[in-house]
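# Observations on chain architecture
Chain by chain, the residues:
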Amino acid sequence: MRVTITPETEGVLNADAGSTVRRTVLPCGVRVLTEQMPGVRSAAIGYWIAVGSRHEADHQYGSTHFLEHLLFKGTQRRSAMDIAAAFDAVGGESNAMTGKESTCYYARVLDTDLPMAVDVLTDMVTSAVIDPEEMEVERGVILEELAMAEDDPTDVVQERFAAQVLDGHPLGRPIGGTPEAIRAADRDDVWDHYQRWYRPEELVITAAGGLDHDQLCQLVTEALEASSWDISSPASPAQVHTRQAADIPVRAGTERISKPVEQAQVIIGGRGFRAGDEDRFALSLLHSILGGGMSSRLFQEIRERRGLAYSTFSFSASFTDAGYYGLYAGCLPQKVEEVTAVMQGELERVASEPVSAEELERAKGQMRGGTVLGMEETSSRMSRLGRAELVRGEFVDISDTLRQVEQVSAEDIQRVAARLAGSERAVTVVAP
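The text that follows walks through the structure, step by step, so that each part is easy to find. Just so it is clear, the structure is predicted and the values come from calculations on it, not from any experiment.

## Observations concerning the packing of helix α1 (residues 63-70) against helix α7 (residues 187-197)
Taken N-terminus to C-terminus, the directions of α1 and α7 make an angle of 85°; their axes are 10 Å apart at the nearest point. Taken together, the axes of α1 and α7 lie roughly perpendicular to each other. Here α1 contributes Ser63, Thr64, Leu67 and Leu70 to the contact with α7, which in turn contributes Val190, His193 and Tyr194. Its residues assigned to classes, the contact of α1 with α7 comprises 4 nonpolar, 3 polar and no charged.

## Notes on empty space enclosed by the protein
By the definition in use, this model includes 1 cavity of 30 Å³ or more. Its boundaries defined by the atoms lining it, the largest cavity holds a volume of some 40 Å³. Taken together, Arg31, Ala50, Glu202, Ala238, Gln239, Val240, His241, Glu389 and Leu390 make up the full set of residues lining the largest cavity. Considered class by class, the residues forming the lining of the largest cavity number 4 nonpolar, 2 polar and 3 charged.

## Some words on the state of the cysteines
Chemically, a disulfide is nothing more than a covalent bond linking the sulfur atoms of two cysteines. Counted according to the given criterion, the structure contains 0 disulfides. Of all cysteine sulfurs, the one in cysteine 217 lies closest to cysteine 28, which takes part in no disulfide; the gap is 11 Å. Counting only cysteine sulfurs, cysteine 217 is the nearest neighbor of cysteine 104, a cysteine outside any disulfide, at a range of 17 Å. Owing to a relative accessible area of 1%, cysteine 104 belongs among the buried residues under this scheme.

## Some thoughts on a negative patch on the surface
A cluster of acidic residues, Asp151, Asp152, Asp155 and Glu159, forms a negative patch on the protein surface. Mapped onto the elements, aspartate 155 comes out in helix α5 (residues 153-165). Accessibility expressed as a relative area gives 36% for aspartate 155, which makes it partly exposed.

## Comments concerning the packing of helix α11 (residues 336-352) against helix α15 (residues 410-421)
For the pair α11 and α15, the least separation of the axes is 7 Å and the interaxial angle reads 135°. With respect to each other, α11 and α15 are oriented oblique. Remark: the crossing between α11 and α15 carries left-handed chirality. Contacts from Leu347, Val350, Ala351 and Ser352 in α11 reach Ile413, Gln414, Ala417, Ala418 and Ala421 in α15. Looking at the contact of α11 with α15 residue by residue, the classes come out as 7 nonpolar, 2 polar and no charged.

## So, the environment of tyrosine 194
With respect to the helices, strands and loops of the structure, tyrosine 194 is situated in helix α7. Exposure remark for tyrosine 194: the relative accessible area of 2% places this residue in the buried category. Expressed as a C-alpha distance, the spacing of tyrosine 194 and threonine 64, which sit 130 residues apart in the sequence, is 8.2 Å. Among residues more than four places away in sequence, those in contact with tyrosine 194 are Leu67, Leu71, Met124, Val125, Thr126, Ser127 and Ala128. A polar side-chain atom of tyrosine 194 sits 3.4 Å from the main-chain amide nitrogen of serine 127. Within the local environment of tyrosine 194, its side chain forms a polar contact with the backbone nitrogen of alanine 128, the two atoms lying 3.1 Å apart.

About the cut-offs
- Residues numbered from 1 in each chain as written.
- Predicted model: local features only at pLDDT ≥ 70, side-chain atom pairs only at ≥ 80, totals over all residues.
- Heavy atoms only, no water.
- Axes fitted to C-alpha atoms, helices over the stretch in contact; angles between N-to-C directions.
- Helix = DSSP H or I, 4+ residues; strand = E, 2+ residues; numbered from the N terminus.
- Parallel < 35°, antiparallel > 145°, perpendicular 65-115°, else oblique.
- Contact = heavy atoms within 4.5 Å.
- Nonpolar A, V, L, I, M, F, W, Y, C, P; charged D, E, K, R; others polar.
- 1 Å grid on protein atoms, 1.4 Å probe; cavity = no way out; pocket = protein on both sides within 12 Å on 5 of 7 lines; lining within 4 Å.
- Points joined across faces, edges and corners; volume = space filled by probe spheres on them.
- Disulfide = S-S within 2.5 Å.
- Buried < 20%, exposed > 50% of the residue type's maximum accessible area, 1.4 Å probe, protein only.
- Patch = residues over 30% accessible without salt bridge, like charges linked within 9 Å, V, L, I, M, F, W, Y side chains within 5 Å.
- Areas by Shrake-Rupley, 256 points an atom, 1.4 Å probe, with all protein chains shown as cover.
- Salt bridge = Lys/Arg side-chain N within 4 Å of Asp/Glu carboxyl O.
- Lys, Arg positive; Asp, Glu negative; His and termini not counted.
- Charge placed at Lys NZ, Arg CZ, Asp CG, Glu CD.
- Left-handed = near helix turned anticlockwise from the far one by under 90°.
- Polar contact = N/O pair within 3.5 Å; in protein donor to acceptor, adjacent residues only side chain to side chain.

Given below as structure tokens:
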């Protein structure tokens, strides 16, 4: 079932496996979406803000990721130790993730501990103090995190490839910022970024598992009333971010990054599809056929037949106005040209002739299983609600997703492959 989400949408949806999806907009503009799952004794909850690294001004570069760290460092009511101990004391999990278009603070706890999770997460999101001394400590932690990523050649090739295919665009920048930007980050700039985005109308709360929707809305309301936010005035939630397709240049050709590594990392790819593209299901099946498992064409040709690599796969990333795809392999430096040619050839082969009925059915089976098995976890369902609200503006039931997958034909996959193969391509290599 497909339900379009608007600021006025309130109601109940009976979803797959007996679960119930509900959405409520609180008077202050905060949106609460839940999926009640029968027989589950845990609950996952996420606090989403539609701000990511792409939204940062030049002088605030890295602020979104910096905030992700700083919101765990203390509020007006809690120290960093209080926040950590609250979840450790109940065997729960808490963390956060920063993306290019959103940030999420989340937890997974027993259903009986959900009130605690609501209280702590609401306090963190609404009442962080951004203490200057704590910021200096966390600056060092983030620099260590960036150094760790720079020492991982797989991370390096992914980041440099994104910069190459989204040349000069904020989407092509590393989410965590650069060491130079983090060293230069000013507390006032980070605070201004926090004040700009962390507001009731921007907040989306999603939860899944053993819970009661009305009770959760009451818990959230009480926590917001105890926070530093002023929720006395009625407000409408922020609109779903929609953008026209962006015309972002690709730096075609090969870019090499020198690293003292034993194994080269190589990605070939280019511009892909933005989120919501009508061909997204065909694209997912294309990735399954090209590089989605041990029976995929890249794995069979590069690893099994030629012994050129241990790991090879394909992937894509989609945003509101742009996207990109890539084919990856890790191989000996002297094999880079051969591996690149094979990966390019496999994409062009799918673009030139329809895949077999056997390959198509195998890909659909892989996607069916992956989709359903992935939704067995409360965290996955919580995240699905967040993406539905922030990215698509509609909730699509799993059964409807699977129906759309079944409708994809071999000709659809060939057409999508031709779209990718016909665009400018970039090659990024990390090697000695």
